[in-house]
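A look at the structure
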Amino acid sequence: MPEARLRRVSSQRFLPALKFIAVAFCATAFLLPGAQAAKKEKPAAAKTAVAKKAKGPVPVEVKRTASSKTARAGRAEKPEKAEKVVRGGRNVVATLHKKNGKTVVAVQRRSVVRVEAPPRQSFGQMAGLHGTEDVLDLKSSVALVIDQDTHEVLFSKNDHAVLPIASLTKLMTGLLISEAHLPNEELITITQDDVDTEKRSSSRLTVGTTLSRGELLHLALMSSENRAAHALGRTYPGGLATFVSIMNAKAKMLGMKDTRYVEPTGLSSRNQSSAQDLALLVNAAYADATVRSLSTSPEYQVEVGNRTLQFNTTNRLVKSPDWEIGVQKTGYISEAGQCLVLQARVAGRKLIMVFLDSAGKFSRIADAERVRRWVEATHAAGMPAASRNVAAYQAG
């Protein structure tokens, strides 16, 4: 019995160890396949990672990789193709682009061909009047020089041609305003009606500017201010239409048979006259003390609000010590060319000079100087017949 008990005890003593061994064996049998699979996958993953680093993405992403390569290639080539244009002057252009990592600058000079529209011809040019030759080689297509006292014609060139007269119109405007004896102190405001819509000429007399009638008359005759002249006609008793009709009536009264006015500034090419008619107008204007004084004023200032505006004469001969001018007026629109009329004392003689359709900005002044020197030379030489011979040469 004791031996049997002993055997039971000893077998029970090893039972926990056997259980542990059995559990360990089962666990090993269950986990071993997973461990072996993990060992096999780990080298494969490592190989895939190496392949990705060396050759790029796996075949599944081949299409995406191709587009990525193209995009990267495009981005790599773009800086080489990208250009930047920089202008270094009016006709110089520099082109900057990158090539092989370097910035390349190409400078190019562009030849510019300017095609300008031909200048608009005056009425005198269209009529062929500039082809008329004269002994003084004047640039004006029309010219007339008359002794104011004797009415002797010293020089003439196309003096019967009827042409636009531009701002010479203002000499008639000024004469009528002066003869009307309207209050010079009366204030007149520039309105939108006075703005030039035909030639779109500029003016420092903005809409709303208020000046006296005397100030506007001064500016119209001295500096040929268009809005001033229009405002004078607009505010004439009876209005602008009445004023224009009076301008034409006055012209007829003076014997100006070839003259027509449609407005008081001269901006319209329909204001037309001849050198013969304008000589009559200059003679009448010289008889008016106000017109004489204002037209030969060298400069004038007016107060506009808080500003002082300085205006100057449009005829530089007024300031010349070589000239003694009694009355004058200049004019220009493209249809009329450069125009000038004046009364002046030259070599002791009172002369009326008319120059129309002169080619060139300063040519009308140069023509007046030529006539003055010619009169002084012929008068000093005691050859009064020479003047008549020149007139006869022109007429023939």
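What you are looking at is a predicted structure, and each value in this text was computed from that prediction instead of being measured.

1. Considerations on unusual backbone geometry
With phi around 50°, N158 is a residue other than glycine that occupies positive phi space. If you trace the backbone, N158 turns up in the loop between β5 (153–157) and β6 (163–164). Judged by relative accessible area, N158 falls into the partly exposed class, the value being 22%.

2. What about the pattern of salt bridges?
Following the criterion strictly, the structure yields 14 salt bridges and no others. Note that K199 and E335 form a salt bridge whose closest N and O atoms lie 3.4 Å from each other. Pair noted here: K199 is in the loop between β7 (187–189) and β8 (210–212) and E335 is in the loop between β12 (325–333) and β13 (337–346), with a separation of 136 residues, a long-range link. The salt bridge partner of E376 is R372, with a shortest N-O separation of 3.1 Å. Here E376 pairs with R372, and both are found in helix α10 (residues 363–380), just four residues apart, close to one helical turn.

3. Let's talk about the nonpolar core
For soluble globular proteins, the rule of thumb is that nonpolar side chains tend to be buried together. In terms of nonpolar packing, the biggest core is built from 56 residues, with L171 and L216 touching the most fellow members. Not counting residues within four places of it along the chain, the set of residues in contact with L171 comprises L221, L281, V282, A285, V291, V327, Q328, K329 and V341. Membership of the second largest hydrophobic core comes to 21 residues, among which are A143, L154, I325 and I365.

4. Let's talk about helix α4 (residues 169–180)
With twelve residues, α4 extends 17 Å between its outermost C-alpha atoms, agreeing within 8% with the 16 Å of an ideal straight helix rising 1.5 Å per residue. Along α4, ten of the twelve residues are buried, which leaves the element largely enclosed by surrounding structure. Every buried residue belonging to α4 is among T169, K170, L171, M172, T173, G174, L175, L176, I177 and S178, and all of these are buried. Positive phi shows up at H181, right after α4, with a value of about 55°.

5. What to know about the pairing of strand β4 (residues 140–147)
Here β4 lies mainly inside the structure; eight of its eight residues are buried. As judged from the seven bridges shared by β4 and strand β14 (residues 349–358), these two strands associate in the antiparallel manner. Note that in β14 the partner of S140 across the bridge is S358. Connecting the antiparallel pair β4 and β5 is a turn made up of five residues, with H151 showing a positive phi of about 65°.

What counts and how
Residues numbered from 1 in each chain as written. Predicted model: local features only at pLDDT ≥ 70, side-chain atom pairs only at ≥ 80, totals over all residues. Heavy atoms only, no water. Helix = DSSP H or I, 4+ residues; strand = E, 2+ residues; numbered from the N terminus. Buried < 20%, exposed > 50% of the residue type's maximum accessible area, 1.4 Å probe, protein only. Salt bridge = Lys/Arg side-chain N within 4 Å of Asp/Glu carboxyl O. Core = buried A, V, L, I, M, F, W, Y, C linked by side-chain atoms within 4.5 Å. Contact = heavy atoms within 4.5 Å. Expected span 1.5 Å × (residues − 1). Pairing = 2+ DSSP bridges.

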